[in-house]
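Close look at the chain arrangement
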Protein chains: 2
Amino acid sequence: MLYIIGLGLGDEKDITLRGLEAVQKSQKVFIEAYTSLLSFGISSDGLSTLKEMYNLLQEKLYGKSITVADREMVEEKADDILLEATSSDVAFLVVGDPFGATTHTDLVVRAKKLGVDVKVVHNASVMNAIGVCGLQLYRYGETVSLPFFTDTWRPDSFYEKIQRNRKLGLHTLCLLDIRVKEPSLESLCRGKKQYEPPRFMAVSVAIEQLLEVEQMRGENAYTEDTTCVGFARLGSEDQLVVAGSMKQLLEVDFGLPLHCLVIVGDTHPVEEEMLDFYKLAKNQGQA
Amino acid sequence: MLYIIGLGLGDEKDITLRGLEAVQKSQKVFIEAYTSLLSFGISSDGLSTLKEMYNLLQEKLYGKSITVADREMVEEKADDILLEATSSDVAFLVVGDPFGATTHTDLVVRAKKLGVDVKVVHNASVMNAIGVCGLQLYRYGETVSLPFFTDTWRPDSFYEKIQRNRKLGLHTLCLLDIRVKEPSLESLCRGKKQYEPPRFMAVSVAIEQLLEVEQMRGENAYTEDTTCVGFARLGSEDQLVVAGSMKQLLEVDFGLPLHCLVIVGDTHPVEEEMLDFYKLAKNQGQA
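Residues numbered from 1 in each chain as written. Chains lettered and ligands numbered in written order. Predicted model: local features only at pLDDT ≥ 70, side-chain atom pairs only at ≥ 80, totals over all residues. Heavy atoms only, no water.

1. Quick look at the side chain of Thr172 of chain A
All names here are of chain A. The condition is simple: Starting at the N terminus, helices and strands are each numbered in turn, a helix being any DSSP run of H or I of at least four residues and a strand any DSSP run of E of at least two. Think of it in three bands: with a 1.4 Å probe and only protein chains considered, a residue is buried below 20% of the maximum accessible area for its type, exposed above 50%, and partly exposed in between. By definition, residues are in contact when any of their heavy atoms lie within 4.5 Å.
Relative to the elements of secondary structure, Thr172 occurs in strand S7 (residues 172–176). Given a relative accessible area of 0%, Thr172 falls into the buried group. In contact with Thr172, other than residues within four places in its own chain, are Tyr140, Glu142, Val144, Ile162, Asn165, Leu261, Val262 and Ile263.

2. A few points about helix H4 (residues 78–87) of chain A
It helps to recall that an α-helix has 3.6 residues per turn; residues three or four apart then point in one direction. Residue and element names in this part refer to chain A. What counts, and what does not: By definition, the arc is the one covered by directions from the helix axis to the C-beta atoms.
For H4, the complete set of buried residues consists of Ala78, Ile81, Leu82 and Ala85. Relative to the axis of H4, the buried residues are bounded by an arc of 95 degrees and lie together on one face. Exposed side of H4, more than 90 degrees from the buried face: Leu83, Thr86 and Ser87 are the residues found there.

3. Thoughts on the side chain of Asp177 of chain B
Residues and elements named next belong to chain B. Filter applied, for reference: Distance and chemistry together define a polar contact, namely a pair of N or O atoms within 3.5 Å, with one atom able to donate a hydrogen and the other to accept it when in protein, and with adjacent residues in sequence counting only for side-chain atoms on both sides.
With respect to the secondary-structure elements, Asp177 resides in the loop between strand S7 (172–176) and strand S8 (178–179). There is a polar contact of 3.0 Å between the side chain of Asp177 and the side chain of Arg179. Residues within four places of Asp177 in sequence aside, it is in contact with Leu146, Pro147, Phe148, Arg199, Phe200 and Met201.

4. Section: the sheet that holds strand S5 (residues 118–121) of chain A
All names here are of chain A. Using the following cut-off: Here, strands pair whenever DSSP counts at least two bridges between them. Axis lines are fitted through C-alpha atoms, for helices just across the contact stretch, and the angle between N-to-C directions can take any value from 0 to 180 degrees.
Judged by pairing direction, the sheet is parallel, and its five strands sit side by side in the order S3-S2-S4-S1-S5 without closing on themselves. This sheet does not close on itself; its edge strands, each paired only once, are strand S3 (67–69) and S5. Looking at each pair of strands side by side, their axes are set apart by 25 degrees on average, direction ignored. Alignment of strand S2 (residues 28–32) against S3, held across three bridges, turns out to be parallel. Opposite Ile31, over in S3, you have Val68 as the bridge partner. Across the sheet, helix H1 (residues 17–25) touches strand S1 (2–6), S2, strand S4 (90–94) and S5, and the angle it forms with S1 is around 140 degrees. Packed onto the sheet, H4 meets S1, S2 and S4 and runs at close to 135 degrees relative to S4.

5. Digging into the relation of the copies chain B and chain A
The operation linking the two copies of the chain is a rotation about an axis combined with a translation along the axis. To keep it simple, the criterion reads: C-alpha atoms of residues with pLDDT of at least 70 in both copies form the basis for the least-squares superposition of the copies.
Note on the copies: chain B fits chain A at an RMSD of 0.0 Å, the axial shift is 0.0 Å, and the rotation between them is 180 degrees. Here the symmetry operator amounts to a two-fold rotation axis.

6. A word on the interface of chain B and chain A
How we decide: Joining two parts hides part of their accessible area as seen by a 1.4 Å probe, and the buried area is that hidden amount summed over both. By definition, a salt bridge exists where a carboxyl oxygen of Asp or Glu is found within 4 Å of a side-chain nitrogen of Lys or Arg.
Tallying the contact residues gives 51 residues for chain B and 51 residues for chain A. Together chain B and chain A conceal approximately 4600 Å² of surface at their shared face, both sides included; 59% is due to carbon and sulfur atoms. Our count for the contact surface shared by chain B and chain A stands at twelve salt bridges. Connecting chain B to chain A are 24 residue pairs in polar contact (both at pLDDT 80 or more). Contributing elements (two or more residues each) for the side of chain B that touches chain A: helix H1 (17–24), helix H5 (102–113), strand S5 (118–121), helix H6 (126–129) and helix H11 (269–278) of chain B. The biggest single contributor to the side of chain B that touches chain A is H5 of chain B, with seven residues.

7. Points about the packing of helix H7 (residues 158–167) of chain B against helix H9 (residues 203–217) of chain B
Residues and elements named next belong to chain B. The criterion, for reference: If an angle is under 35 degrees, it is roughly parallel; if it is over 145, roughly antiparallel; if it lies from 65 to 115, roughly perpendicular; otherwise it is oblique. Classes in brief: Ala, Val, Leu, Ile, Met, Phe, Trp, Tyr, Cys and Pro nonpolar; Asp, Glu, Lys and Arg charged; the others, Gly included, polar.
Relative orientation of the contacting elements H7 and H9 amounts to 85 degrees, with a least axis distance of 11 Å. On the basis of their axis angle, the class for H7 and H9 is roughly perpendicular. Taking contact as the criterion, the partners of Phe158, Tyr159, Glu160 and Ile162 in H7 are, on H9, Leu210, Val213, Glu214 and Arg217. Among the residues forming the contact of H7 with H9, the class breakdown is five nonpolar, no polar and three charged.

8. Re the confidence of the model for chain A
Residues and elements named next belong to chain A. For clarity, the cut-off: For every residue, the predictor states its confidence as a pLDDT score lying anywhere from 0 to 100.
Summarising the model, chain A shows a mean pLDDT of 86, and 87% of its residues fall at 70 or more. This stretch, residues 37–47, has a pLDDT under 50; its non-local contacts, to residues over four places away or in other chains, come to 26 contacts. Taken as a whole, residues 283–287 scores under 50 in pLDDT and shows twelve contacts with residues more than four places along the chain or in a different chain.

9. So, the pattern of salt bridges
Overall, the coordinates contain 42 salt bridges over all chains when judged by the stated rule. For the salt bridge of Glu237 of chain A with Arg18 of chain B, the shortest nitrogen-to-oxygen distance reads 2.7 Å. One end of the pair, Glu237 of chain A, is in the loop between strand S10 (227–232) and strand S11 (240–245); the other, Arg18 of chain B, is in helix H1, on a second chain. In this structure, Arg110 of chain B engages Asp79 of chain B in a salt bridge whose closest nitrogen and oxygen atoms are separated by 3.6 Å. With Arg110 of chain B in helix H5 and Asp79 of chain B in helix H4 (residues 78–87), the pair connects residues that are 31 residues apart, well separated along the chain. Given a relative accessible area of 42%, Asp79 of chain B falls into the partly exposed group. One salt-bridge network, in which partners are shared between bridges, spans Asp11, Asp14 and Glu237 of chain A together with Arg18 and Lys119 of chain B.

10. Some words on the packing of aromatic side chains
Keep this limit in mind: Two rings from Phe, Tyr or Trp (for Trp, the six-membered ring) form a pair when their centres are within 6.5 Å of each other. A pair whose planes differ by under 30 degrees is stacked, one over 60 is edge-to-face, and the rest are tilted. Look at NZ for Lys and CZ for Arg. If either is within 6 Å of the ring centre and within 35 degrees of the ring normal, a charge sits over the ring.
The tally for this structure, following the rule as stated, stands at two aromatic pairs over all chains. Positioned above the aromatic ring of Phe148 of chain A is the side chain of Arg199 of chain A, whose terminal nitrogen or guanidinium carbon lies 3.9 Å from the ring centre.

Right under this line is the structure:
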């Protein structure tokens, strides 16, 4: 049996009792460090949350060792993990909910093809926890992903999607780029993998990119006065949620990752009341 | 402090460790029986899941008594609950994630106005757990709600929304109507509240209503050959997920509540592979 277990968004206490039981009866436990930002090596920011978390999981909660499955392992050694699951219980731990990312769907597909039974233990993910800002989840349009622009690569297909959502009065969740353990182009050319330092997109960078694209397109899908909600560390004890215009949020220091951004559509009265609690005072730069 | 704690979708084991700790240190514990189907009095179906769940919570996990807050209590006595939270820790338990329903947003707004601190403990909700079928969450358009049709009330505003989503190739989550502890019209006229028996919409009823509206409108937003995914008891041990055409799913007995339905848009290869596992064989009526 392969258990794919969502850990939720905050720390080691966000696992469910069902998830904890599954871990405790598993012979092997893997934790993925791929799709989540909260990953090893982000120590350049003084952040080692996942590392601390998995130490805690290992020592206090689970009483057994955990293997960290990074990007390469999930993609290249999935069959080894699955082989173990044919004859014993294997737990695969995932930050958030198991189906927040395509990678895990792929793992399930492979498992089913090999005839391995799969049980999913759900948990909160960014996709539903953004509800905390008061905007109703059923009033969101298609979600967009904002990739880091480079000098030569500035894809802007998100623009039409945001435009469409806003024409319909719908909110748009923007998932912001995360680059963890990316092999550097240079190292790939030399035939020996070395990794770029990890990067995550901050709310301010996202807004700069959005406004750059708006300026190029000029179709008024949104402006610097469009109301948005910025989130940092959603679901953690020290989460930060701030509502304001794009221009205002540009000036807010959201601090450590993970960040995401919601572009607000038309609002109902109850939505408006909740947003007000998160709004910056006019002309005020900081929460 | 008011803790609003998501219980997740399955049973008493889906609470998180963080949620359990908050319950244990609270002086008063309420569980809402309003927005969730899994409610008292559904015993006409032999179902008393929430009742069992809350007995378990009460006895085994929490070691303290729980007050059931039904629809009237949440709407009429919210201020009493909040008053208690000004001077002590109060836990308010909600099936799924706290922000799946507007009611809880309203409770938070009221709390903040009274100066009561609020902490939210997130959990899985239908909005993200539907990811289990393999359709990527970021490829959903606006969510629609399907209300029970009556002889005189057959609202169909969901039709344009589904049509729009499908034109864009997006999936549509249909939330199906739940009627729990609704005062009967007759009893309201007599001035003494009596309640209708609880009802929940089955996948087959949802599809019948969808096809009726399609026949009236005739704009081919979808047809009886459109691929859908039906879900029953999502997130529970005995959940059922079946993919097939509307026509096929009409014949599937999904069993006990809660049901929901996804109308599938354009699919990517990985999505298609996962859906295949849930598909009915051609011309086969049953999973």
